[in-house]
Amino acid sequence: QVQRVESGGGLVQAGGSLRLSCAASRRFLSTMGWFRQAPGKEREFVAAIDWTGTNTDYADSVKGRFTIFRDNAKNTVYLEMNSLKPEDTAVYHCASGRWGARSPSDYGYWGQGTQVTVSS
C-alpha cells in the first residue's frame, strides 16, 4: 500500500491561509481527497481531485475558499486554504479513492493527518 504523509498544518488567525501537503511514498495515480475531523464530529469530505488533476470537487463549506491541486511528478497533493474560519479547525487527512465519491468509507490509504487550528 502507498504511504502518505500530511504536513503544513498549524495555528492561524481567522482570515489567514495555510497550504497543506500530502506526499506519497510512490507514484499512485488515483483520485485524491482531503477530509477533516473536528473533536466529537464525524470525518467529513473537504475536496477531491481526479488523477489527471483536471477535475475537482469541493464541499459547500469550503467552496471558493479552498483549492485542491496536485503535482504527479512529485507524488504530492495540496490543499490551499484561504479565508480560514474557526469552524475549519480540525485534523486534515488525505486519502485515495474514486472520482465522484464523498464518503470516507470510499477512500483508503489514509495519512496520519495534520492539525489545523484557526483562532478567533
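Refer to the preceding data block for the structure.
Residues numbered from 1 in each chain as written. Predicted model: local features only at pLDDT ≥ 70, side-chain atom pairs only at ≥ 80, totals over all residues. Heavy atoms only, no water.

Looking at the nonpolar core
Line of reasoning, step 1. Residues Trp34, Val46, Phe66, Ile68, Leu79, Met81 and Tyr92 are the most contacted members of the largest nonpolar core, which totals 29 residues.
Line of reasoning, step 2. Take this core: its biggest share by element is five residues, from strand S5 (residues 44–49).
Line of reasoning, step 3. Every residue in contact with valine 46, bar those within four places of it in the chain, is listed here: Trp34, Phe35, Arg36, Asp57, Tyr58, Ala59, Val62, Phe66, Leu79 and Tyr92. (Core = buried A, V, L, I, M, F, W, Y, C linked by side-chain atoms within 4.5 Å. Buried < 20%, exposed > 50% of the residue type's maximum accessible area, 1.4 Å probe, protein only. Helix = DSSP H or I, 4+ residues; strand = E, 2+ residues; numbered from the N terminus. Contact = heavy atoms within 4.5 Å.)

Quick look at the state of the cysteines
Line of reasoning, step 1. Applying the stated criterion across every chain yields a total of one disulfide.
Line of reasoning, step 2. The disulfide partner of cysteine 22 is cysteine 94, and the S-S distance across this bridge is 1.9 Å. Given an S-S torsion of about 65 degrees, the disulfide between cysteine 22 and cysteine 94 has right-handed geometry. Here the residue cysteine 22 occupies a position in strand S3 (residues 18–24), and cysteine 94 occupies one in strand S9 (residues 90–97), the gap between them amounting to 72 residues. As far as the burial class goes, cysteine 22 and cysteine 94 line up, both buried. (Disulfide = S-S within 2.5 Å.)

Focus on the pairing of strand S1 (residues 4–7)
Line of reasoning, step 1. In S1, alternate side chains face the same way, and those of Arg4 and Glu6 are buried while those of Val5 and Ser7 on the opposite face are not.
Line of reasoning, step 2. Bridge count between S1 and S3: four bridges; the pairing is antiparallel. Residue pairing across strands places valine 5 opposite alanine 23, the latter belonging to S3. (Pairing = 2+ DSSP bridges.)

Describing the packing of aromatic side chains
Line of reasoning, step 1. If you walk through the whole model with that rule in mind, you get four aromatic pairs.
Line of reasoning, step 2. Between phenylalanine 35 and tyrosine 107 the ring centres are 4.8 Å apart and the planes differ by 70 degrees, which places this aromatic pair in the edge-to-face class. Pair noted here: phenylalanine 35 is in strand S4 (residues 31–37) and tyrosine 107 is in the loop between S9 and strand S10 (114–119), with a separation of 72 residues, a long-range link. Each member of the pair, phenylalanine 35 as well as tyrosine 107, carries the same accessibility label: buried.
Line of reasoning, step 3. Their ring planes at 20 degrees and their centres at 4.9 Å tell us that phenylalanine 69 and tyrosine 78 sit as a pair that is stacked.
Line of reasoning, step 4. Note on phenylalanine 69: relative accessible area 29%, which makes it partly exposed. (Phe/Tyr/Trp six-rings, centres within 6.5 Å; stacked < 30°, edge-to-face > 60°.)

Things to note about the sheet that holds strand S2 (residues 10–13)
Two pairing modes exist for strands in a sheet, parallel and antiparallel, and in both the strands are linked by backbone hydrogen bonds.
Line of reasoning, step 1. Here six strands make up an open sheet; going across it, the order is S2-S10-S9-S4-S5-S6 and the pairing mixed. The sheet is open, and its two edges are formed by S2 and strand S6 (56–58), each paired on a single side. Direction aside, neighbouring strands of the sheet carry axes that sit 25 degrees apart on average.
Line of reasoning, step 2. Across three bridges, the pairing between S5 and S6 is antiparallel. The residue bridging isoleucine 49 from the neighbouring strand is threonine 56, located in S6. (Axes fitted to C-alpha atoms, helices over the stretch in contact; angles between N-to-C directions.)

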